[in-house]
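So you can see what is in the structure, the chains are spelled out below.
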Amino acid sequence: MNTMDTTLAQNFAIDDLLSDGIKSTPPSFVRAILKAASDPNVTSFAGGLPNPISFPQEKLMESMQRVVAQHGATAFQYSATAGVDELREWVANRYNQRFGTDYVTEDVLITTGSQQILDLLGKVLLDKGDGVIVEKPTYLAAIQAFALHQPVFREVELTNEGLNIAELKNALSAGAKMIYLIPNFQNPTGLTYSAEGREAVREVLADQNIVVVEDDPYGELRFEGASLPYIGGTNHPHGLIMGSFSKTVTPGMRMGYILTKDHELLRNLSIAKEAADLHTNVFSQFVILDYLKHNDLDEHLVKIRDLYRSQAQAMTDAMAEFFPAEVSFTKPEGGMFLWATLPEGISTMELFPKALERGVAFVPGDPFYAEPAVHSTMRLNFTNADEQTIRDGIKKLGEVIAEAL
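Each value, and the rule that gives it
Residues numbered from 1 in each chain as written. Predicted model: local features only at pLDDT ≥ 70, side-chain atom pairs only at ≥ 80, totals over all residues. Heavy atoms only, no water. Helix = DSSP H or I, 4+ residues; strand = E, 2+ residues; numbered from the N terminus. Rg over C-alpha atoms; globule rule 2.2 N^0.38 Å. Buried < 20%, exposed > 50% of the residue type's maximum accessible area, 1.4 Å probe, protein only. Contact = heavy atoms within 4.5 Å. Salt bridge = Lys/Arg side-chain N within 4 Å of Asp/Glu carboxyl O. Pairing = 2+ DSSP bridges. Axes fitted to C-alpha atoms, helices over the stretch in contact; angles between N-to-C directions. Left-handed = near helix turned anticlockwise from the far one by under 90°. Nonpolar A, V, L, I, M, F, W, Y, C, P; charged D, E, K, R; others polar. Right-handed = clockwise from strand over helix to strand, strands pointing away. Phe/Tyr/Trp six-rings, centres within 6.5 Å; stacked < 30°, edge-to-face > 60°. Lys NZ or Arg CZ within 6 Å of the ring centre and 35° of its normal. Expected span 1.5 Å × (residues − 1). Polar contact = N/O pair within 3.5 Å; in protein donor to acceptor, adjacent residues only side chain to side chain.

Chemist: For this particular structure, what's the right way to read the overall build of the protein?
Modeler: Counting secondary structure elements, the protein contains 14 helices and 13 strands. Relative to a compact globule of 405 residues, whose C-alpha radius of gyration would be 22 Å, the protein shows 22 Å and is just as compact. Across its three principal directions, the C-alpha atoms of the protein cover 60 × 60 × 60 Å. Buried positions account for 54% of the 405 residues belonging to the protein. The long-range fraction of contacts in the protein, counting pairs at least 24 apart against all pairs at least 6 apart in sequence, stands at 76%.

Here's what the structure looks like:
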């Protein structure tokens, strides 16, 4: 077996060959801590994990068998980049029924999860130094995907109503190609833009030549209140909606989709997807489609909403009982997360290992901000533990916070 000479290996450092983009992109903090939190003795509120009991496993098995029997080799062959036409049509019709839109099959691109959409948007829109507007805080995997292209992040404070309009106007004046929004049960905060907040942002963006991206993986998981219209994803000239089957059917099949009337933008996203993976997993597309055709998705969603409502209530009740009074937290109307804010000066990054020692994990707030800084915030996931486990875990976390205070 040949062994590389040590001196030669040192001279051939891989760092000299890596791109500037990958060097400036941080690894996912959540992925790193999920391993630490995978200990069965640790109660983890860290991952963005749907509850496994919500996966329709038996129905999906029936769909797999039907797909093989009915489609044969077609389900295992190469296919079109845009996706299986019937599935694209189903997505278009679903949004038309829910929002009164007029999407057609050609407005839909099936992707390998929502995460691929973020990657494609970065490739298609962002050059080094380009501005991209994001919420403060925002989804950490979006920061990671966009950071590969070395843009300038323009953060806009997220309030209980939506974006800070003065900051939004300043960000637009500074220049940006894209604005990335999560209007429903935002990740990480759990906040939802109000009707007035949406209208205010819509008015500001109306005359801007900018791509308006609305990421909505949780929109159908609303367990309180009424659904609200999109901000610009369905009506801005460059509006785009991101959706996913990960939170409603199964995350493991990695099935997402884009809806947009901007066919020139969609064409370029499709070109980038061709270069990335040719097309999304065909068998999984047929399985998801078959499941949707043979089962009532709305009936399935009622069960998920009921489950998540009780889990969210269990967490907020426990936080009200066990967290120090100085800690505030959001009360989501849907989705999978809530956000806690500790008194200023308490680093949740430093708090994390102490909590892990007590057998409980969360995600510190720092990775959810595009600009590095120390924050006294944390994200908690309430969907992947039963109510008693939630209560016990929050009690432990409350003790850790109390000691830090």
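Chemist: Help me out: how do you make sense of the pattern of salt bridges in this one?
Modeler: Close approach of charged atoms allows side chains with opposite charge to pair. By the definition in use, this model includes 20 salt bridges. A salt bridge links glutamate 220 to arginine 94, with the shortest nitrogen-to-oxygen separation between them at 2.6 Å. Here glutamate 220 is found in the loop between β6 (211-215) and β7 (239-244), whereas its partner arginine 94 is found in helix α5 (residues 85-99), with 126 residues between them in sequence. A relative accessible area of 13% places glutamate 220 in the buried class. Across the salt bridge formed by lysine 261 and aspartate 102, the nearest N and O atoms sit 3.6 Å from each other. Remark: aspartate 102 occurs in the loop between α5 and β2 (108-112) and lysine 261 occurs in the loop between β8 (255-259) and α10 (263-277); sequence separation between them is 159 residues. Lysine 261 sits in the partly exposed class, given a relative accessible area of 40%.

Chemist: Just checking my understanding: could you explain the sheet that holds strand β9 (residues 328-329) for this structure?
Modeler: Whenever strands of a sheet pair, they do so through backbone hydrogen bonds, lying parallel or antiparallel. What the 4 strands build is an open sheet, ordered β9-β10-β13-β12; its pairing is antiparallel. Looking at which strands have only one partner, the edges of the open sheet turn out to be β9 and β12 (363-364). Relative to strand β13 (residues 377-381), strand β10 (residues 337-341) runs antiparallel, the two sharing 5 bridges. When the bridges of β13 are listed, threonine 341 appears paired with threonine 377. The strands that helix α12 (residues 297-322) touches are β9, β10 and β13; relative to β10, the one it contacts most, it runs at about 15°.

Chemist: When you look at the packing of helix α6 (residues 113-125) against helix α7 (residues 140-147) in this model, what are you seeing that I'm missing?
Modeler: Each pair of packed helices can be summarised by the angle the axes make with each other and by the distance between the axes. Remark: α6 packs on α7, axes separated minimally by 8 Å, with the N-to-C direction vectors making an angle of 35°. As for how α6 packs across α7, the hand of that crossing is right-handed. Each of Gln115, Leu118, Asp119, Leu121 and Gly122 in α6 lies in contact with α7, whose residues at this interface are Ala141, Ala142, Ala145 and Phe146. For the contact of α6 with α7, the residue count by class is 6 nonpolar, 2 polar and 1 charged.

Chemist: Help me out: how do you make sense of the pairing of strand β5 (residues 178-181) in this one?
Modeler: In regular strands, side chains alternate between the two faces of the sheet. Across the two faces of β5 the burial is the same, with Met178 and Tyr180 and Ile179 and Leu181 all buried. Here strand β3 (residues 131-136) runs beside β5; their pairing, made up of 3 bridges, is parallel. Opposite valine 132, over in β5, you have methionine 178 as the bridge partner. Where β5 lies against β6, 4 bridges are found, and the strand directions are parallel. From the neighbouring strand, leucine 181 faces β6, where its bridge partner is glutamate 214. In this fold, the crossover linking β5 to β6 by way of helix α9 (residues 195-205) has right-handed handedness.

Chemist: I tried to follow the packing of aromatic side chains on my own but got confused; where do I start?
Modeler: Each aromatic ring pair is described using two quantities: the centre-to-centre distance and the angle formed by the ring planes. The final tally for this structure, using the stated rule, is 12 aromatic pairs. Relative to phenylalanine 368, the ring of tryptophan 339 lies with its centre 5.8 Å away and its plane at 85°, an arrangement referred to as edge-to-face. Within this pair, whereas tryptophan 339 is found in strand β10, its partner phenylalanine 368 is found in the loop between β12 and β13, the two being separated by 29 residues in sequence. This pair shows no difference in class: tryptophan 339 is buried, exactly as phenylalanine 368 is. Three or more aromatic residues link up through ring pairs in this structure, and these residues are Trp90, Tyr95, Phe99, Tyr230, Phe245 and Tyr257. We note arginine 98 situated over the ring of tyrosine 95; from NZ or CZ to the ring centre the distance is 5.9 Å.

Chemist: In this structure, what is going on with helix α11 (residues 282-294)? I would like to understand it.
Modeler: Here α11 is 13 residues long and its end C-alpha atoms lie 18 Å apart, about the 18 Å a rise of 1.5 Å per residue gives. By the criterion of burial, α11 is predominantly enclosed, with 10 of the 13 residues buried. When α11 is considered as a whole, its buried residues turn out to be Val282, Ser284, Gln285, Phe286, Val287, Ile288, Leu289, Asp290, Tyr291 and Leu292. Against the buried residues of α11 lie α4 (57-71), α5, β2, β8 and α12. Between the side-chain oxygen of the N-cap and the backbone nitrogen of phenylalanine 283 there are 3.1 Å, and the N-cap of α11 in question is asparagine 281.

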